[in-house]
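These are the residues of each chain, in order.
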Amino acid sequence: MREVNHFRRVLLWWGVTSVIGTLLVVLLLAPVLPPGNGTVEAHGQVVDNTVLLGISTPVALGVIVYFIYALVVFREREPAARLDGPPLRGHAQIQMWWLIVTTGLVLFLAAYGSVRLLADGAGGGQGPNPIAAPANSSNALQVQVIAQQWKFTYRWPRYGGVETPTLELPANRTIEFHVTSLDVIHSFWAFQLGVKADANPGFDNVAYVTTKAPLTFNIHCAELCGVYHGYMFETGHVVAQSQFSSWIAQQEKQYAPATKSLPPYAKQYYPDPQRRGG
Ligand SMILES: [Cu+2]
């Protein structure tokens, strides 16, 4: 009887399942993954997830196919002979290819991840001196996100330093969030915008987003910040520029009396010891 070439068989099964599996993942699964395509940064995250899933699908299928093949073909059918098979040693070619493929994958992913992290800032908090700003960030609209137990408010240096209880953003515009906190640690997570940035007291954490079409997005606190942490959520909107202009003008007017008694706009604030326990 001709000896079966197991290696070639596994390779064939792996090749066929990988082509089908990767196509299914990249074309059907990945495009509908969160956070969606609502902003430039969110879209970038979907692209990255697609690349990562596309690369990991053949790797996962290699493990699964070999596992199933081994279970079916190499199963010991003689109950009396439950012994280990002969050890595989000194197979230089397999060792070499194993090192080449795994090293290549890891280096590619590290390089890809670094490049993508620098593209448009990737929606993450970059601290007070961001190194990965979008190309048009000098023209960005600044919005300060102020977290406190248990609410986010928003301050607008370009609009008289007014502080609003809700967040509306203009469409097709680069936004420069300055995320900070008045008390404990929080995290500003605007899911559909693809933005997540820590909110720490006394710290100015900059995160960028470039909006696209009008969009409703969810804002959650993503850092355990006390008993009502779970209630620290709200809904924000990306709206047409004209709608934003009238909204912010109306806010400026409505909150003018409160704006007068606010501390001057600053990049960060420190917890007020007078208010502690008050
Ligand atoms: Cu919080």
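Before going into details, it helps to say that this report is about the structure given with it. Keep in mind the model is a prediction, meaning the values are calculated, not measured. Here the residue numbers are simple positions, counted from 1 along each chain's written sequence. Confidence filtering applies because this is a predicted model: local features only for residues at pLDDT of at least 70, side-chain atom pairs given and counted only at 80 or more, and all residues used for totals across whole chains, interfaces and linings. The side-chain values count all of the structure's non-hydrogen atoms but skip hydrogen atoms and water molecules.

1. Re the overall build of the protein
(1) Moving on: Here a strand is any run of E in DSSP of at least two residues, a helix any run of H or I of at least four, and the numbering for each starts at the N terminus. Check the secondary structure of the protein and you find five helices and 10 strands.
(2) Moving on: Our radius of gyration is a C-alpha quantity, and the globule rule it is checked against amounts to 2.2 Å times the number of residues to the power 0.38. Here the C-alpha atoms of the protein give a radius of gyration of 27 Å, more than 25% beyond the 19 Å that 2.2 N^0.38 yields for 278 residues.
(3) Moving on: Reported as C-alpha extents along the three principal axes, the dimensions of the protein are approximately 95 × 45 × 30 Å.
(4) Moving on: Burial here depends on accessible area, computed with a 1.4 Å probe over protein chains only, as a share of the maximum for the residue type. Under 20% is buried, over 50% is exposed, and the range in between is partly exposed. Here the protein holds 278 residues, and 35% of them are scored as buried.
(5) Moving on: Sequence-distant contacts, at least 24 apart, represent 70% of the contacts inside the protein between residues at least 6 apart.
(6) Moving on: Approximately 16,800 Å² of the protein is accessible, and the part contributed by carbon and sulfur atoms is 65%. Here a residue-residue contact requires only that any non-hydrogen atoms of the pair lie within 4.5 Å. Surface accessibility follows the Shrake-Rupley procedure with a 1.4 Å probe radius. Residue values consider only the protein chains on display as shielding.

2. Some thoughts on the side chain of serine 137
(1) Moving on: Its place among the elements puts serine 137 in the loop between helix H3 (92–118) and strand E1 (141–148).
(2) Moving on: If near-sequence neighbours (up to four positions away) are discounted, serine 137 is found in contact with Thr174, Glu176 and Tyr208.

3. So, the coordination of the copper ion
(1) Moving on: Think of the donor list as every N, O and S atom within 2.8 Å of the metal, or within 3.2 Å for Na, K and Ca; water never makes the list, so a site can look incomplete. For the copper ion, the full set of protein donor atoms is His186 (ND1), Cys221 (SG), Cys225 (SG) and Met232 (SD), and the range of their distances to it is 2.0 to 2.7 Å.
(2) Moving on: Angles of 96 to 124 degrees at the metal separate the four donor atoms of the copper ion, which places the site in the tetrahedral class.
(3) Moving on: Positions of the donor residues of the copper ion along the chain correspond to the pattern H-x34-C-x3-C-x6-M. Residue histidine 186 is located in strand E6 (residues 186–190), and its partner cysteine 225 is located in the loop between strand E9 (215–221) and strand E10 (233–239); the two are separated by 39 residues in the primary sequence. Like cysteine 225, histidine 186 is buried. Only two sets of limits are used to name each site, 85 to 135 degrees for every angle of a tetrahedral four-donor site, and over 155 degrees for opposite donors with all other angles from 65 to 115 for a square planar four-donor or octahedral six-donor site, with any other site named irregular.

4. Considering the sheet that holds E1
(1) Moving on: Any two strands with at least two DSSP bridges between them are considered paired. Taking strand neighbours across the sheet as the criterion, the five strands line up as E3-E2-E1-E5-E8 in an open arrangement whose pairing is mixed. Two strands close off the open sheet at either side, each with one partner strand: strand E3 (162–164) and strand E8 (205–210). Here the strands of the sheet are splayed against their neighbours by 30 degrees on average, with no regard to which way each runs.
(2) Moving on: Judged from the six bridges that link them, strand E5 (residues 174–181) and E8 form a sheet pairing that is antiparallel. Where helices are involved, their axes are fitted lines through C-alpha atoms of the stretch in contact, as for all axes, and angles between N-to-C directions lie from 0 to 180°.

5. What about the layout of surface pockets?
(1) Moving on: With a 1 Å grid laid over protein atoms only, a set of points is called a cavity when a 1.4 Å probe fits there but cannot get out and a pocket when it is open yet has protein on both sides within 12 Å along at least five of seven lines; lining residues have an atom within 4 Å of a point. Grid points are joined across faces, edges and corners, and a volume is the space filled by probe spheres set on the points. Approximately 1,200 Å³ is the volume attributed to the largest pocket.
(2) Moving on: Secondary structure elements with two or more residues in the lining of the largest pocket: helix H1 (6–29), helix H2 (40–73) and H3.
(3) Moving on: Split by residue class, the lining of the largest pocket holds 18 nonpolar, five polar and no charged. Side-chain classes are defined by residue name, with Ala, Val, Leu, Ile, Met, Phe, Trp, Tyr, Cys and Pro counting as nonpolar, Asp, Glu, Lys and Arg as charged, and the others, Gly among them, as polar.

6. Quick look at the packing of H1 against H2
(1) Moving on: Where H1 contacts H2, the two axes come as close as 8 Å, and the packing angle between them is 145 degrees. Handedness of the H1/H2 crossing: right-handed. Contacts between H1 and H2 involve His6, Arg9, Val10, Trp13, Trp14, Thr17, Ser18, Gly21, Thr22, Val25, Val26 and Leu29 from the former and Thr50, Leu53, Gly54, Thr57, Pro58, Leu61, Gly62, Val65, Tyr66, Tyr69 and Val73 from the latter.
(2) Moving on: Of the residues in the contact of H1 with H2, the class split is 13 nonpolar, nine polar and one charged. A clockwise turn of the near helix away from the far one marks a right-handed crossing, whereas an anticlockwise turn of less than a right angle marks a left-handed crossing.

7. Observations regarding the side chain of serine 18
(1) Moving on: By the secondary structure assignment, serine 18 is in helix H1.
(2) Moving on: For serine 18, a relative accessible area of 7% corresponds to the buried category.
(3) Moving on: If we ignore the near neighbours within four places in the chain, the residues touching serine 18 are Leu23, Pro58 and Leu61.

8. Structural notes on the pattern of salt bridges
Two side chains with opposite charge may pair up if their charged atoms get near one another.
(1) Moving on: By definition, a salt bridge exists where a carboxyl oxygen of Asp or Glu is found within 4 Å of a side-chain nitrogen of Lys or Arg. Inspection of every chain in the model, using the stated rule, returns two salt bridges.
(2) Moving on: The shortest N-O distance in the salt bridge between arginine 116 and aspartate 48 comes to 2.5 Å. Highlighted residues: arginine 116 in helix H3 and aspartate 48 in helix H2, separated in sequence by 68 residues.
(3) Moving on: A relative accessible area of 24% places arginine 116 in the partly exposed class.
(4) Moving on: Across the salt bridge formed by lysine 151 and glutamate 234, the nearest N and O atoms sit 3.3 Å from each other. You can see lysine 151 sitting in strand E2 (residues 151–156) and its partner glutamate 234 sitting in strand E10, a full 83 residues away along the chain.
(5) Moving on: Note on lysine 151: relative accessible area 34%, which makes it partly exposed.

9. Quick notes on the pairing of strand E7 (residues 195–199)
(1) Moving on: Residues Val195, Ala197 and Ala199 line the buried face of E7, whereas the alternating positions Lys196 and Asp198 sit on a face that is not buried.
(2) Moving on: Examined bridge by bridge, E6 and E7 share five bridges and lie antiparallel to one another. Note on E7: the bridge partner recorded for phenylalanine 188 is alanine 197.
(3) Moving on: Where E6 folds back on E7, the antiparallel hairpin that results is connected by four residues, among which glycine 194 adopts a positive phi of roughly 75 degrees.

10. Comments concerning the sheet that holds E6
(1) Moving on: One open sheet holds the five strands; their spatial order is E4-E10-E9-E6-E7, and the pairing between them is mixed. On the outer flanks of this sheet lie strand E4 (168–170) and E7, each paired with one strand and no other. On average, each strand axis in the sheet is tilted by 20 degrees relative to the strand beside it, whichever way the strands run.
(2) Moving on: The pairing of E4 with E10 spans three bridges and is classified as parallel. Counterpart to glutamate 168 in the pairing with E10 is histidine 237.
(3) Moving on: This element, helix H4 (residues 241–254), spans E4 and E10 of the sheet and lies at about 135 degrees to E4.

Structural measurements only, silent on function.
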